[in-house]
Amino acid sequence: MESTYLNCLALFGVGGAHPGGLQLTKNILSKEKIDDTMKILDVGCGTGQTSAYLSKEYGCQVTALDCHKIMLEKAKERFRLMQLPIDTVYGNAENLPFEDGSFDMVLSESVTAFTHISQSIPEFKRVLKPNGTLLAIEMTRENPVTEAELAQIIRFYGVKQLLSEPEWCAHFQRAGFNHVHSEIFKLQTDAMNMYNAVDFSMSKDIDDSYFQILNEHQYLSMIYQDKIGCRIFRCRV
Ligand SMILES: C[S@@+](CC[C@H](N)C(=O)[O-])C[C@H]1O[C@@H](n2cnc3c(N)ncnc32)[C@H](O)[C@@H]1O
């Protein structure tokens, strides 16, 4: 397995692998009307922390999808231990294995930036019901970066792009989301630094190279703290 940032998150089994972690998730979800009749897709669910929270807290029907086998195995184990009736699906955000209009809500917590957005964002729109909501927490370019800096960020994190807030909004609108609202999430250094995670399910015998990735992540978080940010997007048709 290649020593990448996403493989590192998977091997350490980081729950809440997005800026702000579960605390931010709870905050965002508390502003939505969610009940047990709703169907919610947690796309790029990682180890399933948010899916578990949604199912336990709201009793809604949750589908947790990811394209990383280790992430999905850890999510399944979490749901089994917590006895939660969550559907787990191995799949790609760019080609979702669901019928049109299947979900009331799609959540993408630090996932879309890793995908080809010309495919994934229209897929989120397609699988949403006409009055559905997309909630996305995404990495943003908050200040200009040089080409060399951009290349370093893209290479290290494995994101496909580093968009500014207006660029993200334009992509959501192009996919048919006419109402896009965004909010900045102020990262604190220690929030970037493993996202306040207290929820780990570590694999055995993690290679030293992955500890180096954690160090590099801390270093990059620090040097790019004014250039890389995070926004919460709420998108509706
Ligand atoms: C930074 S992690 C966030 C995980 C989770 N949403 C969370 O907040 O804890 C990004 C996740 O997106 C998944 N991912 C990346 N590209 C994907 C794609 N094209 N389709 C499905 N999942 C994807 C990765 O496997 C990983 O689990």
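Summarised in this report is the structure supplied together with it. This is a predicted model, so every value here is computed, not measured. (Residues numbered from 1 in each chain as written. Predicted model: local features only at pLDDT ≥ 70, side-chain atom pairs only at ≥ 80, totals over all residues. Heavy atoms only, no water.)

Take the overall build of the protein chain next. Across its full length, the protein chain holds nine helices and seven strands. Here the C-alpha radius of gyration of the protein chain, 17 Å, is about what a compact globule of 237 residues would show, namely 18 Å. Seen through its principal axes, the protein chain has C-alpha atoms that stretch 45 × 40 × 30 Å. Burial analysis of the protein chain (237 residues in total) assigns 54% to the buried set. If you take every contact in the protein chain between residues at least 6 apart in sequence, the share linking residues at least 24 apart comes to 80%. Of the roughly 11500 Å² that the protein chain leaves accessible, carbon and sulfur atoms contribute 49%. Distance between charge centroids for the protein chain: 4 Å, based on 23 positive and 30 negative side chains. (Helix = DSSP H or I, 4+ residues; strand = E, 2+ residues; numbered from the N terminus. Rg over C-alpha atoms; globule rule 2.2 N^0.38 Å. Buried < 20%, exposed > 50% of the residue type's maximum accessible area, 1.4 Å probe, protein only. Contact = heavy atoms within 4.5 Å. Areas by Shrake-Rupley, 256 points an atom, 1.4 Å probe, with all protein chains shown as cover. Lys, Arg positive; Asp, Glu negative; His and termini not counted. Charge placed at Lys NZ, Arg CZ, Asp CG, Glu CD.)

Inspection of helix α7 (residues 165-174) places Glu165, Trp168, Cys169 and Phe172 among the buried residues, and these make up the whole buried set. On an axial view of α7, the arc spanned by its buried residues comes to 100°, and they lie on one face. Structural note: α7 exposes Pro166 and Arg174 on the side pointing more than 90 degrees away from its buried face. The inward-facing, buried residues of α7 abut α5 (117-127), β5 (128-141), β6 (179-185) and β7 (228-236). Immediately beyond the C-terminal end of α7, within one or two residues, lies Gly176, with a positive phi of roughly 110°. (Arc of directions from axis to C-beta.)

This part takes up the site of the ligand. Around the ligand there are 21 residues in total, and Ala17, His18, Gly44, Asp66 and Ala93 lie nearest to it. One of the side-chain N or O atoms of His18 is found 2.5 Å from an oxygen atom in the ligand. Against a free-state accessible area of 590 Å², the protein chains account for coverage of 96% of the ligand. Of all the cavities here, the one that holds the ligand is the largest pocket. (Near = heavy atom within 4 Å. Polar contact = N/O pair within 3.5 Å; in protein donor to acceptor, adjacent residues only side chain to side chain. 1 Å grid on protein atoms, 1.4 Å probe; cavity = no way out; pocket = protein on both sides within 12 Å on 5 of 7 lines; lining within 4 Å. Sits in = over half its atoms within 2 Å of the grid points.)

Another point: the pattern of salt bridges. In this structure the tally under the stated criterion is 11 salt bridges. The salt bridge involving Lys76 is made with Glu73; its shortest N-O contact spans 3.8 Å. Here Glu73 and Lys76 lie together in helix α4 (residues 69-82), a separation of three residues that amounts to about one turn. The class for Lys76 is partly exposed, based on a relative accessible area of 37%. (Salt bridge = Lys/Arg side-chain N within 4 Å of Asp/Glu carboxyl O.)

Moving on: the sheet that holds strand β3 (residues 87-90). With mixed pairing, seven strands are arranged side by side in an open sheet as β3-β2-β1-β4-β5-β7-β6. Of all strands in the sheet, those with a lone pairing partner are β3 and β6, marking the two edges. The mean angle between the axes of side-by-side strands here comes to 20°, regardless of whether they run parallel or antiparallel. The pairing of strand β4 (residues 103-109) with β5 spans six bridges and is parallel. Its bridge partner lying in β5, Ser108 is registered against Ala136. On top of the sheet, α5 reaches β1 (39-43), β4 and β5; it is set at about 150° to β5, its chief contact. (Pairing = 2+ DSSP bridges. Axes fitted to C-alpha atoms, helices over the stretch in contact; angles between N-to-C directions.)

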